[in-house]
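The primary structure of each chain is shown beneath.
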Amino acid sequence: MYSLNNFDKQQFINQYWQKKPLVIKQGFDNFIDPLDEHDLAGLSQEPSVDSRIVSQTANTWQVSHGPFEDVNAHCLGAWSLLVQSVDHFVPEADQLMRAFDFIPHWRMDDLMVSFSNKDAGVGSHLDQYDVFIIQGKGSRRWQVGLPGNFNKINPHKDLAQISGFEPVIDQVLQPGDIIYIPANHPHNGVALEECLNYSVGFRAPSQQDMLSSLADFAIDNNLFNQRYTDKELAPREFSGEIKQQEVTRFKHMLQQLLETEQFSNWAAQFLSQSGEKQEFDEQDIQIFSHQDIVGKLKAGVPFVRCPAIKAVFLEQPLSNIEKIEDFMFYIQGEVFSVPLNDKELVLNFLNRPVFYLENNTLDQSSIFFTQLVTTMVNSGYWYPE
Ligand code: SIN
Ligand code: CO
């Protein structure tokens, strides 16, 4: 378990979140790295893992993309191995991310882990997303500035750097220290010795992302089919003219769509999809009958949630509360529902990395719950230990 030390969540959000960079000294007490550079190198050899090596010799930058057959072959001069979504593959890395659960799941992206040798880094750059970077073993000097207009440089086609920012933070981070960097704040981290860094990244969907997903949702579910009408059309002097009032009607048609329940359902479905969809290899999934699952639950067997799995659900508007009969939640874009009576038990199941039935009794729980657990296990989202 990782938990934040000397950290006031509310104060952080009020003063820093999306506003200013911050160093949190010893945010984690006696920090233990959830993995080491050998584990990281092993992950970078897997075809399903997104990894790259950035290296600098003299003034030449190189970027190589994984999977790497021979990691060492790309490690020239000062180099960093960077691996995305490590939380999907290493349960201890997922536990590190869980220390930031005061920010909603849907807002979180992944845990990127980097290993750098002395003097290595990816150069000064901007990221479009907020990030907490945790210092693992070793030490690294971080400089962070404020947003501005910077010269863009591409020392390699896959490396977007900037030049000339004035740091407002210039500090050496030690194991357990954390630096928070809001989106679009220039930064540069240079390893002072061999070091590991863990970046908890956040998502911020753009209007374009939303529109494209909403259009797919409308087509897939045959929704939003209302057509334009104009009973009071006036004869037009210039037939090429589009009246402002007509554009306003377009806006109204779209605004109406935003007020529907279907729009909220789309939002929940959209936000349940992680940036990178985790594909489960069907061959790796062990299938259980409903009876097997009931037996295991009764026997107090722990059910482990796969680290990549995050369930989200909509807060119900108070005005609607009496009408609601089912508790709905979403995983990887798929909707699941159980009767409202089972909500507490299901939330318990969804929220814990490892679930087991307390008192080893199924008396108060319903068949809907056990069926749900069976579906989750047979989808590869949970597994009995
Ligand atoms: C790194 O861990 O090497 C890079 C993190 C960043 O600056 O975004
Ligand atoms: Co960055």
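Look a little higher up for the structure.
(A) Local environment of the overall build of the protein. Scanning the protein from N- to C-terminus turns up nine helices and 19 strands. Here the protein holds 385 residues, and 45% of them are scored as buried. When the accessible surface of the protein is split by element, carbon and sulfur atoms take 48% of a total near 21600 Å². Within the protein, one finds 28 positive and 51 negative side-chain charges whose respective centroids are separated by 7 Å.

(B) Spatial organisation of the coordination of the cobalt ion (ligand 2). Within the protein, the cobalt ion (ligand 2) binds to His 125 (NE2), Asp 127 (OD) and His 187 (NE2); these donor distances fall in the range 2.0 to 2.1 Å. Donor residues binding the cobalt ion (ligand 2) come from one chain and are separated in sequence as H-x1-D-x59-H. On the criterion of sequence distance, the pair formed by His 125 in the loop between strand 5 (108–116) and strand 6 (131–135) and His 187 in strand 12 (residues 187–191) is long-range, its members being 62 residues apart. Owing to a relative accessible area of 12%, His 125 belongs among the buried residues under this scheme.

(C) Molecular detail of the packing of helix 4 (residues 207–220) against helix 6 (residues 261–271). Relative orientation of the contacting elements helix 4 and helix 6 amounts to 115°, with a least axis distance of 10 Å. Viewed along their axes, helix 4 and helix 6 adopt a mutual orientation that is roughly perpendicular. The handedness of the crossing between helix 4 and helix 6 comes out as right-handed. On the side of helix 4, the interface is formed by Asp 209, Met 210, Ser 213, Leu 214 and Phe 217, while helix 6 contributes Gln 262, Phe 263, Asn 265, Trp 266, Gln 269 and Phe 270. For the contact of helix 4 with helix 6, the class distribution of residues is six nonpolar, four polar and one charged.

(D) Looking closely at the environment of Phe 369. Position of Phe 369 among the secondary structure elements: in helix 9 (residues 367–378). The sequence separation of Phe 369 and Phe 349 amounts to 20 residues, and the corresponding C-alpha distance is 9.4 Å. Among all residues touching Phe 369, those that are not within four sequence positions of it are Leu 297, Asp 342, Leu 345, Val 346, Phe 349, Phe 355 and Leu 357.

(E) Geometry of the site of ligand 1. Around ligand 1, the surrounding shell consists of Leu 82, Met 112, Ser 114, His 125, Asp 127, Arg 140, Trp 142, His 187 and Asn 197. In the model, an oxygen atom of ligand 1 is placed 3.3 Å from a nitrogen or oxygen of the His 125 side chain. Elements supplying a minimum of two residues to the shell around ligand 1: strand 5 and strand 7 (140–144). Per-class residue counts for the shell around ligand 1 are three nonpolar, four polar and two charged.

(F) Main features of the side chain of Ser 51. Mapped onto the elements, Ser 51 comes out in strand 2 (residues 51–57). Note on Ser 51: relative accessible area 3%, which makes it buried. The residues contacting Ser 51, other than those within four sequence positions of it, are Ser 44, Ser 64, His 65, Gly 66, Phe 68, Leu 82 and Val 83.

(G) Highlighting empty space enclosed by the protein. A complete count under the given rule lists one cavity of 30 Å³ or more for this structure. Reported here for the largest cavity is a volume of approximately 140 Å³. Forming the walls of the largest cavity are 14 residues, and the residues nearest its centre are His 105, Ser 272, Gln 273, Ser 274 and Lys 310. Grouping the amino acids of the lining of the largest cavity by side-chain chemistry returns five nonpolar, six polar and three charged. When residues of the lining of the largest cavity are assigned to domains, at least three fall in each of domain 1 (9–202) and domain 3 (282–384).

(H) Fine view of the environment of Phe 102. Counting through the fold element by element, Phe 102 comes out in the loop between helix 3 (91–98) and strand 5. With 93 residues separating them along the chain, Phe 102 and Lys 9 place their C-alpha atoms 7.3 Å apart. Phe 102 has contacts with Leu 4, Phe 7, Lys 9, Phe 12, Ile 13 and Phe 132, leaving out every residue within four places of it along the chain.

(I) How the structure looks around the sheet that holds strand 7. The antiparallel open sheet is built from three strands, whose spatial order is 10-7-12. Edge positions in the sheet fall to strand 10 (169–173) and strand 12, since each has one partner strand and no second. Between one strand and the next, the sheet's axes are offset by a mean angle of 15°, whatever the strand orientation. The pairing of strand 7 with strand 12 spans five bridges and is classified as antiparallel. Counted as the bridge partner of Trp 142 is Gly 189 from strand 12.

(J) Quick look at the pairing of strand 4 (residues 78–83). The element strand 4 is largely enclosed, with a buried count of six among its six residues. As paired elements, strand 2 and strand 4 share six bridges and run antiparallel to each other. Residue pairing in the sheet places Ser 55 in a bridge with Trp 79 of strand 4. With four bridges connecting them, strand 4 and strand 5 associate as antiparallel partners. Note that in strand 5 the partner of Val 83 across the bridge is Val 113.

Scoring rules and cut-offs
- Residues numbered from 1 in each chain as written.
- Chains lettered and ligands numbered in written order.
- Predicted model: local features only at pLDDT ≥ 70, side-chain atom pairs only at ≥ 80, totals over all residues.
- Heavy atoms only, no water.
- Helix = DSSP H or I, 4+ residues; strand = E, 2+ residues; numbered from the N terminus.
- Buried < 20%, exposed > 50% of the residue type's maximum accessible area, 1.4 Å probe, protein only.
- Areas by Shrake-Rupley, 256 points an atom, 1.4 Å probe, with all protein chains shown as cover.
- Lys, Arg positive; Asp, Glu negative; His and termini not counted.
- Charge placed at Lys NZ, Arg CZ, Asp CG, Glu CD.
- Donors = N, O, S within 2.8 Å, 3.2 Å for Na, K, Ca; no water.
- Axes fitted to C-alpha atoms, helices over the stretch in contact; angles between N-to-C directions.
- Parallel < 35°, antiparallel > 145°, perpendicular 65-115°, else oblique.
- Left-handed = near helix turned anticlockwise from the far one by under 90°.
- Contact = heavy atoms within 4.5 Å.
- Nonpolar A, V, L, I, M, F, W, Y, C, P; charged D, E, K, R; others polar.
- Near = heavy atom within 4 Å.
- Polar contact = N/O pair within 3.5 Å; in protein donor to acceptor, adjacent residues only side chain to side chain.
- 1 Å grid on protein atoms, 1.4 Å probe; cavity = no way out; pocket = protein on both sides within 12 Å on 5 of 7 lines; lining within 4 Å.
- Points joined across faces, edges and corners; volume = space filled by probe spheres on them.
- Domains from an automatic or database assignment.
- Pairing = 2+ DSSP bridges.

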